[in-house]
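Listed here are the chains, written in short residue letters.
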Amino acid sequence: MTLKERIDRTGPKKMLSMDGGGIRGVLSLAVLKKIETILAAGRRDFRLADYFDYISGTSTGAIIAAGLSIGMSVDEVLKFYRDSGAQMFVKSNLLARLSHKFEDEPLAQMLKNVFGAETTFGSDLLRTLLMVVMRNATTDSPWPLSNNPYAKYNDGSRPDSNLNFPLWQLIRASTAAPTYFPPEVVTLPNPDKSKEKSFIFVDGGVTMFNDPAFQMFMMATLDRYWPKAPEKRWKAGAKDMLIVSIGTGSAPNARGDLRTEDMNILYNAASLPSALMFAAQNQQDTLCRVFGDCRAGDHIDSELGDLRSAAGPLGVGEKLFTYLRYDANLTREGLDALGCPQIAPAAVQKLDSIDGIPALLEVGGKVGDKVMPEHFAGFPGS
């Protein structure tokens, strides 16, 4: 089945979204393994790309999303993390660490090995619609890119079509977390060399879309994202669209002993980026629960609860999609509630801790235990 045939296929559309979070993507993979097992229903050689029509990811989520889209199994993607995790985080020399903690070349080479150095964003190897999120530092704007063949800047007749970007390089750009990895410079090929454009990209996690689920919904349904064929945009509705969103764990740093005099320049430099990312992620998840029919999702806060069966702005029963959210609270309290009292929060909170992979898999397995077959009711497979 070609991508265009998949877009045109009748029936409910199923969409999958993965948050950013460095090595904590392993937690997402443990949840995805449970989902894969449920959806396979005993079928051999089943892949999540056989079920989901649109897959999106930010940062580490972009690696997972692209891997699943080309037909890798969850175990195959997890093997990539296990085998290559240490190589992903090769420390830079002392001078370079003033700008970035790790080298980028080892990760770039591994991405080339998995996806192919010559594979483009418009390649037929991608079995689903795929969205990856990055920040274009050159234009100072978020760049959620999709391989939708009907998008404005994906026209194959354009010499600067986004579909000509190397796939591995877009993924590398989406993972270029500031202070962790250097930015990625991407040049869009053009037969006229004088018109080639180069952009500096950094991690999509520093945009509003570290959780890209709601942005994926908009790119699937808004006519401006389908200008070449607006009639092909996907129909919204609780019975017509399923969105499954997978987190990498959150760790809000609540401090009851915080004093105003503690909030100096160093405190703000260390805490504001994570605070803003957590707030953005929380908002994106809340938007999905408000406009979607939330069947699965943990407590948001003491006022909103989990928003399951909540009446949204469209009225009771008038929802734009069915929504499932699986994530973990990685604080001491959250881990205890999951049944992981033996796991230290510090072991699973860091974005670059290879030693934390076994603990992350254990936590992800506990989150996976919350995934139930009935969550997918009404959305049959292919």
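Please read these numbers as outputs of a predicted model, since none were measured by experiment. Note that residues are indexed from 1 along each chain, following the sequence as it is written. Totals for whole chains, interfaces and linings use all residues, but because this is a predicted model, local features are given only for residues with pLDDT of at least 70 and pairs of side-chain atoms are given and counted only at 80 or more. Calculated side-chain values reflect all of the structure's heavy atoms, with hydrogen atoms and water omitted.

All right, on to the side chain of R6 then. Along the chain, the position of R6 falls in helix α1 (residues 3-8). The class of R6 is buried, set by a relative accessible area of 6%. Only heavy atoms enter the contact rule, under which two residues are in contact if any of them lie within 4.5 Å. In this view, R6 contacts M1, K13, A49, D50, Y51, F52, D53, R127 and T128; residues no more than four positions away in its chain are not counted. A helix here means a DSSP run of H or I that spans at least four residues, while a strand means a run of E at least two residues long, and both kinds are numbered starting from the N terminus. Relative accessibility under 20% of the residue-type maximum defines a buried residue, over 50% an exposed one, and the middle range a partly exposed one, all with a 1.4 Å probe and only protein chains included.

Most of helix α7 (residues 213-221) is tucked away: eight of the nine residues are buried. Of all the residues in α7, the buried ones are A213, F214, Q215, M216, F217, M219, A220 and T221.

A few words on the pairing of strand β9 (residues 321-326). Of all the six residues making up β9, six are buried; the element is thus mostly covered by neighbouring parts of the structure. Any two strands with at least two DSSP bridges between them are considered paired. With four bridges joining them, strand β8 (residues 292-296) and β9 adopt parallel strand pairing. Its bridge partner being in β9, A296 is matched across the sheet by L324.

By salt bridge we mean one thing: a side-chain nitrogen of Lys or Arg within 4 Å of a carboxyl oxygen of Asp or Glu. Evaluated as defined, the whole model comprises 20 salt bridges. A salt bridge links D19 to R325, with the nearest nitrogen and oxygen atoms 2.8 Å apart. Here the residue D19 occupies a position in the loop between β1 (13-18) and α2 (25-40), and R325 occupies one in strand β9, the gap between them amounting to 306 residues. For D298, the salt bridge is made with K370, and the minimal N-O distance between the two is 3.1 Å.

Right, let's talk about the nonpolar core for a bit. To qualify as a nonpolar core, a set must consist of buried Ala, Val, Leu, Ile, Met, Phe, Trp, Tyr and Cys residues joined through side-chain atoms within 4.5 Å. In terms of nonpolar packing, the biggest core is built from 76 residues, with L32, I35 and Y326 touching the most fellow members. Each residue touching Y326, except ones within four places of it in the same chain, is listed here: V31, I35, V244, S245, I246, G247, A296, V367, K370, V371, H375 and F376. Listed in part, the 24 residues of the second largest apolar core include I7, Y150, M219 and Y323.

Before going further, it helps to examine the side chain of S146. Structurally, S146 is set in strand β4 (residues 141-146). Beyond its immediate stretch of four places on either side in the chain, S146 contacts Y54, F121, L129, L130, M131, N154 and M219.

This part covers the packing of α2 against helix α3 (residues 60-69). A fitted line through C-alpha atoms represents every axis, and for helices the fit uses only the stretch in contact; the resulting angles, taken between N-to-C directions, go from 0 to 180 degrees. Orientation of α2 relative to α3, taken along the N-to-C sense of each, is 35°, at an axis distance of 9 Å. For the pair α2 and α3, the crossing hand works out as right-handed. Along its contact with α2, which presents G25, S28, L29 and L32, the element α3 presents T60, I64 and L68. Lys, Arg, Asp and Glu make up the charged group, whereas Ala, Val, Leu, Ile, Met, Phe, Trp, Tyr, Cys and Pro make up the nonpolar group; the residues left over, Gly among them, are polar. Of the residues assigned to the contact of α2 with α3, the class counts are four nonpolar, three polar and no charged. Here a crossing is called left-handed whenever its near helix is offset anticlockwise from the far helix by less than a right angle, and right-handed whenever the offset is clockwise.

As a further point, take the state of the cysteines. Disulfides are defined as cysteine sulfur pairs within 2.5 Å. In this structure the tally under the stated criterion is zero disulfides. C288 provides the cysteine sulfur closest to C294, a residue in no disulfide bond, and the two sulfurs are 9.2 Å apart. In this structure C294 comes out as buried when scored by relative accessible area, which is 3%.

All right, on to empty space enclosed by the protein then. Cavities and pockets were defined on a 1 Å grid built from protein atoms only: a cavity is a group of points that admits a 1.4 Å probe but offers it no way out, a pocket is an open group of points flanked by protein on both sides within 12 Å along at least five of seven lines, and a lining residue is one with an atom within 4 Å of any such point. Grid points are joined across faces, edges and corners, and a volume is the space filled by probe spheres set on the points. Throughout the structure, instances matching the rule amount to one cavity of 30 Å³ or more. Lining the largest cavity we find I63, G67, M72, V77, F80, L111, V114 and F115. Mapped onto the lining of the largest cavity, the elements with two or more residues apiece are α3, α4 (74-88) and α5 (105-115). At three residues, α5 tops the list of elements feeding residues into the lining of the largest cavity. Grouping the amino acids of the lining of the largest cavity by side-chain chemistry returns seven nonpolar, one polar and no charged.

Put simply, the second largest pocket is a space of about 630 Å³. Around the second largest pocket, the lining comprises 27 residues; the ones closest to its centre are S250, D298, H299, I300 and N329. The biggest single contributor to the lining of the second largest pocket is helix α8 (residues 265-291), with five residues. Split by residue class, the lining of the second largest pocket holds eight nonpolar, nine polar and 10 charged.

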